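Fold and contact review
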Amino acid sequence: MSSVCFYFQVHQPHRVKKYTVFDVGSDRDYFKDSHNERLDNKKILEKVARKAYLPTTALLYELLKKHPEFKISFSISGTLLEQLEEHLPEVIDSFKRLVATGRVELLNETYYHSLAFIHSKDEFRRQVEHHQRKIDSVFAVKPKVFRNTELIYCNDLSQEIAKMGYSGMLLEGADHVLGWRSPNYIYSAKDNPNLKLLLRNYKLSDDIAFRFSNRHWEEFPLNSSKFADWVSQVNGTGEVVNLFMDFETFGEHHWEDTGIFEFLRTLPRELLKHPDNDFVTPSEAIERYEHRGELDVPDFTSWADIERDLSAWLSNPMQADAMKKLYGLEKKILLSGDERLIEDWRRLQTSDHFYYMCTKWFADGDVHKYFNPYETPYEAFINYMNVIADLKLRLKESSALRTRRKTKLSPK
Amino acid sequence: MAKFGEVFSRVFRQAFGQFKRRSLGKMPKNSSPVVGEKVLMFGWELPPFNSGGLGVACFELARSLTQFGVKVTFVLPQTQAIKIPFLKLLFADQGNLRVKSVKTKLHPYISSKLSKDDLTESEKERYSQELVSEVEGYGRRAVKIAKSEKFDIIHAHDWLSFPAGVEAKRATGKPLIVHVHATEFDRCGGECVDARIYEIEKRGLEAADKIIVVSDFTKRKIIKYYGISADKIEVVHNGLTSLDRKGKASLEAFKKTGYRVVLFLGRMTLQKGPDWFLKAAQKVLRVYPKVLFIMVGTGDMERQVIEEAAQMGISDRVLFTGYVKNEDLSRMYRTADLYVMPSVSEPFGIVALEALSYKTPVIISKQSGVAETVNHALKVDFWDTDEIANKINAILTHPSLRRCLKNYGEAEAKKNNWRKAALKCIGVYRSFASSK
């Protein structure tokens, strides 16, 4: 038996607008850029919704109706949910309709799609709880499985997640994590047999997510029956095939004219042609299949780049500096009690901001460049740090305000 | 009270001292001959008697070509006391007894030495008229040289030697390559194009069998303003120049007090954007007060820029050094926290590579050729002084940003070498050999 487990990551950051040193102290609206279309969050959201979210959710709904066996899962970041609530509530409705079928599982993550765990476990927990509340209030669902930003994972993190009561977690089926083992089984976290791990089959996942429209790929063009054959080959050597990818794969990374929707439309049918195949959600997978040993992951892994580590967000001095400055403000920001300030600080934690500063592949230009709304990693850093400078200024202003209030209130 | 500026210009003079002549680089040992082409190269100047980047670029390219076994005969218009071990040098004026006194003033950049305060309009006109006729005279004399030399290819650098190249081609029928380091549109910053120079350039470009340009940026100009077809043009980026690297960083005591040094380096002409630099400087000082701006170079805008700094009330933060060479140049690079090249139109911009090779971060104009070859530099529109100031402030404020720009930038700059440029030129030479 091999069960296909689909999970789609749905996320959009609040991109920081063009913000110069001359805006510091005067402009506090960091995330509203209507001049630069690559930084205009509303416009980007509308575009992605039109090209990807709306057609794909409609298609998935159709498929769920047509194939009673079909199942999928999503993780939708808080930063996206609030943008959708503000600008495109119809997208939320389309997700609600999917969830109502009972065959769509929602997962938890950090509300801000952040790297908080690396710098502050307290802040990490707050954001996970924030996301729990959000998913509950929008979808009336309490997720049991957790996925961290960009599938970042290590033993320490699993410890934390086990403590929070989750029964499963997603991570990258990286070679350096698995060694000789197959990603197509369920494993358990080190020292936490009750926390089950689902590992992304990166080969098969990336055949869809990255290679589908690549004309230089020897398997191009990929159709659903060929792909279903590859999945079926796992039969006998594995139990669950985890196909984890960005939801934007459908319609945004691969545009409609690549045939990606046609591929998706026929995929469940083709997979079901093989009698041994079926579908599971992450919770079902960990309930149905025994775990085949413990995974020891002392260092951070992720699903990003060929390195599958933190280097996409944390490999040059600028990224380290920006992160250090941001989390260095944690105590004071939280103490300020200024809700807008706290909210802005948290929006600045979204991993995308650090991804934009990555210089790893800058010279060659590639996937990083494609996903970078700024001209260069340097522009991204400068822009971001100007905002941090303003954040610090606001912090000073608000603490000065508090001292003034205190002195007024205190008896003479 | 001693003026802030006076104090610093004193400190500065102590730090940067006198200027020395550039020494010629040595031949590297690993020169392996791979080709045997003979090239007759026409130039205008060579170091140490060079007034700008053209002479340096010609020298470096010729040297790298000879390292690959190309035999270069380099022709200069006037006799000069230069000896270069790997080049056969010829002087077009030899045997010609008519030496005009104006020759000592000859200079490839008409605008730079001719400040309106030094010369009247009619003198300026006479001067440029004489320069143009000198260039044409160089062309006539080139015929004799071409007829007496043995070579396969003619390679002429910039408009000053285009007529020489064209005449040599006419006399011998050998293929002509013209190499464009700058066009009249760059030199004049887009204003007051000298029609005679434009004509000479156009004739050279049309007569050439192949055109080598220093950037895509220049290629677009040649297509747009001279009506040349794209497939005749080959882009060969300049390389990093071998520098006298002895000069040590200066102004340390001063920098310890928290001051930062931002450098401008280039002729003070419209083309190089010294006025934009100054406008940005004024804006930087509003948000980052402890900065000293050093402006290196001379030119017709020097007085204007000095006066403007005074009017802005920032004279005490802007130092003018005049022309600087060699050891002092490397001192400048090492002292500066950052180099800004706000050129209005820069065909290439070797200075940016030089600065990077000293691990000095750079901000460069998007209107430059060098912007095509380096990623680890901050790029700006020369007119966007808010953005230039924003970026200067960022580099001065964030050590992490400096570190990235320095380390990655240096590595990248070093990849741009003259051997690479020479190999591309050889590729162009070969295209004629194979089409024969």
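The residue numbering used here restarts from 1 in each chain and proceeds along that chain's sequence as written. Whichever chain is written first is A, and whichever ligand is written first is 1; the rest continue in order. In keeping with the model being predicted, local features are shown solely for residues with a pLDDT of at least 70 and side-chain atom pairs are shown and tallied solely at 80 or more, while totals for entire chains, interfaces and linings include all residues. Side-chain figures throughout are based on the complete set of non-hydrogen atoms in the structure, without hydrogens or water.

**A few points about the overall build of chain B**
The helix count covers DSSP runs of H or I at least four residues long, the strand count covers runs of E at least two residues long, and both are numbered beginning at the N terminus. Scanning chain B from terminus to terminus reveals 16 helices and 13 strands. When a residue's accessible area, from a 1.4 Å probe over protein chains only, is under 20% of the maximum for its type it is buried; when over 50% it is exposed; and in between it is partly exposed. Taking all 436 residues of chain B together, 62% fall into the buried category. In chain B, of all internal contacts separated by at least 6 residues, the share reaching a separation of at least 24 is 73%. Computed with a 1.4 Å probe, the accessible areas rest on the Shrake-Rupley method; for each residue, only the protein chains presented here act as cover. Carbon and sulfur atoms provide 52% of the accessible area of chain B, an area that totals close to 17,900 Å². Any pair of residues with heavy atoms lying within 4.5 Å of one another is described as a contacting pair.

**What to know about the overall build of chain A**
Each helix and strand counted, chain A has 17 helices and 10 strands in total. For chain A, whose C-alpha radius of gyration is 22 Å, the value lies close to the compact-globule estimate of 22 Å for 412 residues. Intrachain contacts of chain A at a sequence separation of at least 6 include 76% that bridge at least 24 residues. Of the roughly 17,200 Å² of accessible surface on chain A, 50% is carried by carbon and sulfur atoms. Radius of gyration: over C-alpha atoms. The globule rule applied is 2.2 Å multiplied by the number of residues raised to the 0.38 power.

**Thoughts on the interface of chain A and chain B**
Taken together, the contact between chain A and chain B spans 18 residues of the former and 22 residues of the latter. Buried area, as used here, totals the accessible surface that two parts lose on assembly, with accessibility defined by a 1.4 Å probe and the loss added over both. Surface buried jointly by chain A and chain B totals about 1,800 Å² across both partners, of which 62% is contributed by carbon and sulfur atoms. Three residues stand out in chain A for area buried against chain B, namely F22, Y378 and I382 of chain A, and they jointly supply 36% of the buried area on that side. Its salt-bridge partner being K18 of chain A, residue E387 of chain B comes within 2.8 Å of it at the nearest N-O pair. Those elements that place two or more of their residues in the side of chain A that touches chain B are α12 (317–328) and α17 (377–409) of chain A. Residue contributions to the side of chain A that touches chain B peak at six residues, all from α17 of chain A. Charged means Asp, Glu, Lys or Arg here, nonpolar means Ala, Val, Leu, Ile, Met, Phe, Trp, Tyr, Cys or Pro, and polar covers whatever is left, Gly included. Of the residues contributing to the side of chain A that touches chain B, the split by class is 10 nonpolar, four polar and four charged. Salt bridges are identified by distance alone: a Lys or Arg side-chain nitrogen within 4 Å of an Asp or Glu carboxyl oxygen.

**Overview of the sheet that holds strand β7 (residues 192–200) of chain A**
Residues and elements named next belong to chain A. The five strands are arranged β4-β5-β7-β6-β10 in an open sheet whose pairing can be described as mixed. Of all strands in the sheet, those with a lone pairing partner are β4 (145–146) and β10 (291–295), marking the two edges. Any two strands are treated as partners once DSSP identifies two or more bridges connecting them. Where strand β6 (residues 186–189) meets β10, three bridges bridge the pair, whose relative direction is parallel. Note on β10: the bridge partner recorded for I186 is H291. Geometry is summarised by axes, namely lines fitted to C-alpha atoms with helices restricted to the contacting stretch, and by angles between N-to-C directions that run from 0 to 180 degrees. Running over the sheet, helix α6 (residues 155–163) touches β4, β5 (168–172), β6, β7 and β10 and is turned about 120 degrees from β7.

**Observations regarding the domain arrangement of chain B**
Residues and elements named next belong to chain B. Start and end points for every domain follow an automatic or database-based domain assignment. The domains assigned to chain B are domain 1 (38–239 + 418–435) and domain 2 (242–415). Its C-alpha centre places domain 1 at a distance of 29 Å from the equivalent point of domain 2. Between domain 1 and domain 2, the residue contacts involve 29 residues of the former and 23 residues of the latter. Applying the counting rule to domain 1 against domain 2 returns zero salt bridges. Polar contacts here mean pairs of N or O atoms no more than 3.5 Å apart (in protein, one a potential hydrogen donor and the other a potential acceptor; neighbouring residues in sequence count only if both atoms are side-chain atoms). There are seven residue pairs in polar contact (both at pLDDT 80 or more) connecting domain 1 and domain 2. Those elements that place two or more of their residues in the side of domain 1 that touches domain 2 are α2 (53–67), α3 (110–113), α6 (184–187), α8 (216–226) and α16 (418–435). Per-element tally for the side of domain 1 that touches domain 2: the top contributor is α8, with four residues. Among the residues forming the side of domain 1 that touches domain 2, the class breakdown is eight nonpolar, 12 polar and nine charged.

**A closer look at the side chain of S302 of chain A**
Residues and elements named next belong to chain A. With respect to the secondary-structure elements, S302 resides in the loop between β10 and α12. With relative accessibility at 0%, the residue S302 sits in the buried group. Side-chain polar atoms of S302 contact the backbone nitrogen of A304, separated by 3.0 Å. For S302, the side chain forms a polar contact with the main-chain oxygen of D309, separated by 2.7 Å.

**Things to note about the nonpolar core**
Take the buried residues of types Ala, Val, Leu, Ile, Met, Phe, Trp, Tyr and Cys, join any two whose side-chain atoms come within 4.5 Å, and each joined set is a nonpolar core. In terms of nonpolar packing, the biggest core is built from 105 residues, with F42, L46, L65, F74 and Y429 of chain B touching the most fellow members. A total of eight residues in this core trace back to one element, the largest contributor, which is α16 of chain B. Each of domain 1 (38–239 + 418–435) and domain 2 (242–415) of chain B gives at least three residues to this core. Contact partners of L65 of chain B, with chain neighbours within four places excluded, come to M41, V70, V72, A422, C425, I426 and Y429 of chain B. A189, L341, L348 and F381 of chain A belong to the second largest nonpolar core, which has 92 residues in total.

**Thoughts on helix α13 (residues 350–357) of chain B**
Residue pairs three or four apart in sequence face the same way in an α-helix, which turns once every 3.6 residues. Buried residues dominate α13 of chain B, accounting for seven of its eight residues. Directly after α13 of chain B, the chain includes K359 of chain B, whose backbone phi takes a positive value near 60 degrees.

**Some thoughts on the packing of helix α2 (residues 78–87) of chain A against helix α5 (residues 121–139) of chain A**
Residue and element names in this part refer to chain A. The N-to-C vectors of α2 and α5 enclose an angle of 35 degrees; their axes lie 10 Å apart at closest approach. Regarding α2 and α5, the two cross each other, and that crossing is left-handed. The segment α2 lies against α5, with G78, L81 and E85 engaging H131, K134, I135, V138 and F139. The residue inventory of the contact of α2 with α5, partitioned by class, reads four nonpolar, two polar and two charged. Helix crossings fall into two classes, left-handed where the near helix is turned counterclockwise from the far one by less than a right angle and right-handed where it is turned clockwise.

**Thoughts on the packing of aromatic side chains**
Residues and elements named next belong to chain A. Classification of ring pairs uses Phe, Tyr and Trp, with its six-membered ring standing for Trp, and accepts pairs whose centres are within 6.5 Å; under 30 degrees between planes counts as stacked, over 60 as edge-to-face, and the remaining range as tilted. Applying the stated rule across the entire model yields 39 aromatic pairs over all chains. With a centroid separation of 5.6 Å and 45 degrees between ring planes, the pair formed by F146 and Y166 is classed as tilted. Of the two residues, F146 is situated in strand β4 and Y166 in the loop between α6 and β5; the sequence distance between them amounts to 20 residues. Given the relative accessible area of 0%, F146 is considered buried. The ring of W230 has K203 lying over it, and the distance from NZ or CZ to the ring centre is 5.1 Å. Throughout this description, the term charge over a ring refers to an Arg CZ or Lys NZ atom that lies within 6 Å of the ring centre and within 35 degrees of the ring normal. One residue, R211, lies across the ring of W217, its end atom 5.9 Å from the ring centre.

**Concerning the domain arrangement of chain A**
Residue and element names in this part refer to chain A. Taken as a whole, chain A is organised into domain 1 (2–295) and domain 2 (317–409). For domain 1 and domain 2, the distance between their C-alpha centres works out to 26 Å. Domain 1 puts 37 residues into the contact, and the matching count from domain 2 is 33 residues. Buried area between domain 1 and domain 2, both sides added, is near 2,900 Å², and the carbon and sulfur share of it is 54%. Between domain 1 and domain 2 we count five salt bridges in total. A salt bridge links R347 to E82, with the shortest nitrogen-to-oxygen separation between them at 3.3 Å. Between domain 1 and domain 2 we count 24 residue pairs in polar contact (both at pLDDT 80 or more) in total. When contributions to the side of domain 1 that touches domain 2 are tallied by element, the ones reaching two or more residues are α2, α4 (116–119) and α5. For the side of domain 1 that touches domain 2, the element with the highest residue contribution is α5, accounting for four residues.

**Regarding the pattern of salt bridges**
Enumeration over the complete set of coordinates arrives at 60 salt bridges over all chains. D136 of chain A is paired through a salt bridge with K142 of chain A; the nearest N and O atoms lie 3.0 Å apart. Where D305 of chain A meets K360 of chain A, a salt bridge forms, and the shortest distance between an N and an O atom there is 2.6 Å. On the criterion of sequence distance, the pair formed by D305 of chain A in the loop between β10 and α12 and K360 of chain A in the loop between α15 (351–355) and α16 (367–371) is long-range, its members being 55 residues apart. Relative accessible area serves as the criterion here: at 25%, K360 of chain A is assigned to the partly exposed category. Each of the salt bridges in this network shares a partner with another, and the network as a whole consists of K18 and E379 of chain A together with E387 and K391 of chain B.

**Section: the state of the cysteines**
Working definition: a disulfide is two cysteine sulfur atoms within 2.5 Å of each other. With the rule as written, the count across this model stands at zero disulfides over all chains. C58 of chain B carries a free sulfur, and the closest cysteine sulfur to it, the one in C425 of chain B, is 11 Å from it.

**What to know about the side chain of E330 of chain A**
All names here are of chain A. Turning to its location among the elements, E330 is positioned in helix α13 (residues 330–336). Judged by relative accessible area, which is 14%, E330 ranks as buried. At 2.8 Å, the side chain of E330 forms a polar contact with the side chain of R126. The residues contacting E330, other than those within four sequence positions of it, are S120, D122, E123, R126 and W345.

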